[in-house]
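Examining the three-dimensional arrangement
Residue-level listing of the chains:
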Amino acid sequence: MTSSSISLALPVTRRRRHLAARWAPVLFLAPSVALLLLFLLYPLLESFHLSLLKWNGLGANGIFTGTDNWVTLLHDTVFWHALGNNLLLGLMSVLVQLPIAMALALMLDKASRGSRILKILYFLPLLFSSVAVGVVFKNILDPNFGPINAGLHALGLDALAQDWLGDKRYALGSVIAVICWQNVPFYMILFLAGLASFPPELHEAATLDRATPATIFWRIKMPHLQGTIRTAAMLSVIGSLRYFDLIYVMTGGEPDGSSEVMATYMYRTVFASFQLGYGSTIASAMFLVVTLIAGFGMRLTRRFETQV
């Protein structure tokens, strides 16, 4: 091979290598992007499309009604009540789950002997199926045969025994308590991971400066954990807006819609009332609400973020 042919082949080889390096990431990402488009973007767009139809889901074609379903949704008191229950669930999740999870994480972070066993025990509720948890607590809270009312009767506290899931004054509160019980371990592990990344030399320096444990926690550890706390709060609120299975098993949104949330209302609308178009409107509204609240929450928490 002559020197001229070699000099001509080198640029061609370099171009091929450049093209291979340029297109290799695209080829590797293509299957994942295709799956995301197929199972996330397409159902989302189809949900918005179905929200413009009046359709029971059984016939061949739906009737195009434009924005009639959205207008109906704006005046639907059941939907707004369900949204209010979702927001209350999100608020109570942040105010109840996160402080308890933080307290457990701090306790386990300081514990040395038996900490592994405690971590496993505290993490167990999260490993159970939500449907199984719902069935168990539905029997525990049973007004006639449940152990809670039986214990209250045995202690002579008959006035405190209630129909926890059948009385609209207590149904939502009882469900929220069970949800908090099941999900606290997740945030506990999240906070434990954040505490594990805390530099020990900072703690030693603060101890040498005679800082109290409370001062170390509020002035040093809390700023270090602000990213973890922000993530936990966002996950808690977003999860509360999308909650379905445990509530459906325990109450089904009853009694009288007192424990109704957006997901259970959507389910009943589609599968009990056979209003696929209006049910898709509720689902699309859920997506918009979650997106808006998540975006607002991220901007709000970043505004109060401090430099560590």
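I will try to describe carefully the structure that is included in this document. (Residues numbered from 1 in each chain as written. Predicted model: local features only at pLDDT ≥ 70, side-chain atom pairs only at ≥ 80, totals over all residues. Heavy atoms only, no water.)

Brief notes about helix H3 (residues 77–110)
In this model, H3 (34 residues) spans 49 Å end to end at C-alpha, consistent with the 50 Å of a helix rising 1.5 Å per residue. At serine 93, H3 shows its maximal kink, close to 30°. For H3, the capping residue at the N-terminal end is aspartate 76, with a side-chain oxygen 3.0 Å from the backbone nitrogen of valine 78. (Helix = DSSP H or I, 4+ residues; strand = E, 2+ residues; numbered from the N terminus. Expected span 1.5 Å × (residues − 1). Bend = angle between axes of the 7 residues up to and from the residue. Polar contact = N/O pair within 3.5 Å; in protein donor to acceptor, adjacent residues only side chain to side chain.)

As for the nonpolar core
The biggest cluster of nonpolar side chains holds 19 residues, and the ones touching the most others in it are Val175, Ile179, Leu246, Ile247 and Met250. Looking at this core, the elements with two or more residues in it are helix H5 (130–140), helix H7 (171–196) and helix H11 (245–250). By residue number, the principal contributor to this core is H7, which donates six residues. When sequence neighbours within four positions are dropped, the list of residues in contact with valine 175 reads Leu165, Leu246, Ile247, Met250 and Thr251. Residues Val184, Phe191, Phe217 and Ala232 belong to the second largest nonpolar core, which totals 17 residues. (Core = buried A, V, L, I, M, F, W, Y, C linked by side-chain atoms within 4.5 Å. Buried < 20%, exposed > 50% of the residue type's maximum accessible area, 1.4 Å probe, protein only. Contact = heavy atoms within 4.5 Å.)

Considerations on the side chain of aspartate 76
One can find aspartate 76 in the loop between helix H2 (68–74) and H3. Reaching out from aspartate 76, the side chain makes a polar contact with the side chain of tyrosine 278 at a distance of 2.5 Å. For aspartate 76, the residues in contact, after removing those within four places along its chain, are Tyr265 and Tyr278.

Examining the packing of aromatic side chains
Counted according to the given criterion, the structure contains eleven aromatic pairs. Here the aromatic rings of phenylalanine 48 and tryptophan 70 are separated by 6.4 Å at their centres, their planes lie at 15°, and the arrangement is stacked. Here the residue phenylalanine 48 occupies a position in helix H1 (residues 3–50), and tryptophan 70 occupies one in helix H2, the gap between them amounting to 22 residues. Residue class for phenylalanine 48 comes out partly exposed when judged on its relative accessible area of 26%. Ring geometry for phenylalanine 244 versus tyrosine 248: centroids 5.3 Å apart, planes at 20°, classification stacked. The class of phenylalanine 244 is partly exposed, set by a relative accessible area of 26%. One Lys or Arg, lysine 221, reaches over the ring of phenylalanine 198 and ends 5.7 Å from the middle of that ring. (Phe/Tyr/Trp six-rings, centres within 6.5 Å; stacked < 30°, edge-to-face > 60°. Lys NZ or Arg CZ within 6 Å of the ring centre and 35° of its normal.)

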